[in-house]
Amino acid sequence: TFGYRILAKDPENINRVFQLAQLYYAAQNYEMSLRFSSIVVNKDSLKKQSAMELAALNLLGLKATDKAVELYKAMATEFNHPSYLYEASVLAYQTKKLDDCITILNTVLKDTTAQKQTIVMSRENAVGKVIKEEINLIAAALNILGVVSLEKENYTEAKKYFGNALAIQPNFILAENNLKEVVKKEEKAETEKEESKKHNKW
């Protein structure tokens with residue numbers, strides 16, 4: 001109600017509208033934040049990108065993941081920024097839509113502008129401290145393709161993707177750890193196979 005009263009007094013003050021959208025998001029009132037961020041998207045071309053990013057976060061807060069994926073795709077096209085496709089691929093993976101995830105990531109790999117872009121990724125170190133790292137977008141995309149292949153138990157493909165990610169960014173610790181995980185799972189599968197052969201002989 002307070003937000004609408006402010007709008008009624010000064011409906012063209014888009015800065016105020018966007019501030020309200022941010023405040024509602026901070027208060028976890030995603031529905032109201034989405035309403036105000038949508039107003040900014042439609043009225044202010046300069047703040048459109050930031051408002052769309054906030055709208056996507058609100059959709060996630062409202063558990064409307066499919067709509068968030070579509071919004072990220074639209075943003076990638078409108079702003080020529082394939083990193084938004086990476087965000088969409090992560091959501092597709094999290095909702096177990098693996099084929100959609102692969103399709104989105106393949107689009108990233110074909111995008112020539114993606115080679116020069118980076119994203120910020122977080123990981124925990126050995127003592128549980130969260131570390132943020134700047135990762136090449138192509139390397140990040142290859143890492144997720146490796147994770148998908150690992151989930152499908154296609155170890156050969158997984159190793160290829162993780163290896164390619166590390167070739168682009170050798171200090172990519174997450175991809176390095178994932179590659180080690182593939183090797184462990186592969187060795188375990190091979191051991192189980194050998195044990196099964198011995199068992200069948202008896």
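All values reported here derive from a predicted model rather than from experimental measurement.

Reading guide: rules and limits
Residues numbered from 1 in each chain as written. Predicted model: local features only at pLDDT ≥ 70, side-chain atom pairs only at ≥ 80, totals over all residues. Heavy atoms only, no water. Helix = DSSP H or I, 4+ residues; strand = E, 2+ residues; numbered from the N terminus. Rg over C-alpha atoms; globule rule 2.2 N^0.38 Å. Buried < 20%, exposed > 50% of the residue type's maximum accessible area, 1.4 Å probe, protein only. Contact = heavy atoms within 4.5 Å. Areas by Shrake-Rupley, 256 points an atom, 1.4 Å probe, with all protein chains shown as cover. Lys, Arg positive; Asp, Glu negative; His and termini not counted. Charge placed at Lys NZ, Arg CZ, Asp CG, Glu CD. Pairing = 2+ DSSP bridges. Axes fitted to C-alpha atoms, helices over the stretch in contact; angles between N-to-C directions. Parallel < 35°, antiparallel > 145°, perpendicular 65-115°, else oblique. Left-handed = near helix turned anticlockwise from the far one by under 90°. Nonpolar A, V, L, I, M, F, W, Y, C, P; charged D, E, K, R; others polar. pLDDT = per-residue confidence, 0-100. Phe/Tyr/Trp six-rings, centres within 6.5 Å; stacked < 30°, edge-to-face > 60°.

Undergrad: Is there a simple way to think about the overall build of the protein chain in this case?
TA: The number of helices and strands found in the protein chain is ten helices and two strands. In sequence order, the protein chain lays out its α and β elements as α-α-α-α-α-α-α-β-β-α-α-α. Computed over C-alpha atoms, the radius of gyration of the protein chain comes to 22 Å, more than 25% over the 17 Å expected from 2.2 N^0.38 for 202 residues, which places it beyond the range of a compact globule. For the protein chain, the spread of C-alpha atoms along the three principal axes comes to 85 × 35 × 35 Å. Of all 202 residues assigned to the protein chain, the portion counted as buried reaches 39%. Excluding contacts between residues fewer than 6 apart, the proportion of contacts in the protein chain whose partners are at least 24 apart in sequence is 48%. With an accessible surface of roughly 12200 Å², the protein chain has 51% of that area assigned to carbon and sulfur atoms. Averaging the coordinates of the 28 positive side-chain charges in the protein chain and doing the same for the 26 negative ones gives two points 3 Å apart.

Undergrad: Looking at this model, I keep getting lost on the pairing of strand 1 (residues 118-124). Mind explaining?
TA: A one-sided burial pattern is seen for strand 1, the buried positions being Ile119, Met121 and Arg123 and the unburied ones Thr118, Val120, Ser122 and Glu124. Alignment of strand 1 against strand 2 (residues 130-136), held across seven bridges, turns out to be antiparallel. Residue pairing across strands places Glu124 opposite Val130, the latter belonging to strand 2.

Undergrad: What's the story with unusual backbone geometry in this structure? I'm lost.
TA: Glycine aside, negative phi is the norm for most residues, and most peptide bonds take the trans geometry. With a phi angle near 65°, Lys63 is a residue other than glycine that sits in the positive phi range. Its place among the elements puts Lys63 in the loop between helix 4 (48-61) and helix 5 (65-78). Lys63 sits in the exposed class, given a relative accessible area of 72%.

Undergrad: Any chance you could explain the packing of helix 8 (residues 137-151) against helix 9 (residues 155-168) here in plain terms?
TA: Two packed helices can be described by the angle between their axes and the distance between those axes. Relative orientation of the contacting elements helix 8 and helix 9 amounts to 165°, with a least axis distance of 8 Å. When the axes of helix 8 and helix 9 are compared, the pair comes out roughly antiparallel. By crossing handedness, the relation of helix 8 to helix 9 is classed as left-handed. For the pair helix 8 and helix 9, the contacting residues are Ile138, Ala139, Leu142, Asn143, Leu145, Gly146, Val147, Ser149 and Leu150 in the first and Tyr155, Glu157, Ala158, Tyr161, Phe162, Asn164, Ala165 and Ile168 in the second. Looking at side-chain class alone, the contact of helix 8 with helix 9 contains twelve nonpolar, four polar and one charged residues.

Undergrad: For this particular structure, what's the right way to read the confidence of the model for the protein chain?
TA: For residues with low pLDDT, the predicted coordinates do not support detailed interpretation. When pLDDT is averaged along the protein chain, the result is 91, and 95% of the positions lie at 70 or above. Taken element by element, the predicted model of the protein chain shows its lowest mean pLDDT in helix 1 (residues 2-9) (71) and its highest in helix 4 (97).

Undergrad: Can you walk me through the packing of aromatic side chains in this structure?
TA: Each aromatic ring pair is characterised by the separation of its centres together with the angle its planes make. Going through the model one piece at a time under the given rule, you end up with three aromatic pairs. Aromatic side chains Tyr25 and Tyr30 sit 5.6 Å apart centroid to centroid with 55° between the ring planes, which places their arrangement in the tilted category. A residue is classified by how much of its surface remains accessible, and Tyr25, at 29% relative accessible area, is partly exposed. An angle of 25° between the planes, with centres 6.3 Å apart, marks the rings of Tyr72 and Tyr84 as stacked. With Tyr72 in helix 5 and Tyr84 in helix 6 (residues 83-94), this residue pair connects regions lying twelve residues apart in the sequence. Side by side, Tyr72 and Tyr84 carry an identical accessibility label, which is buried.

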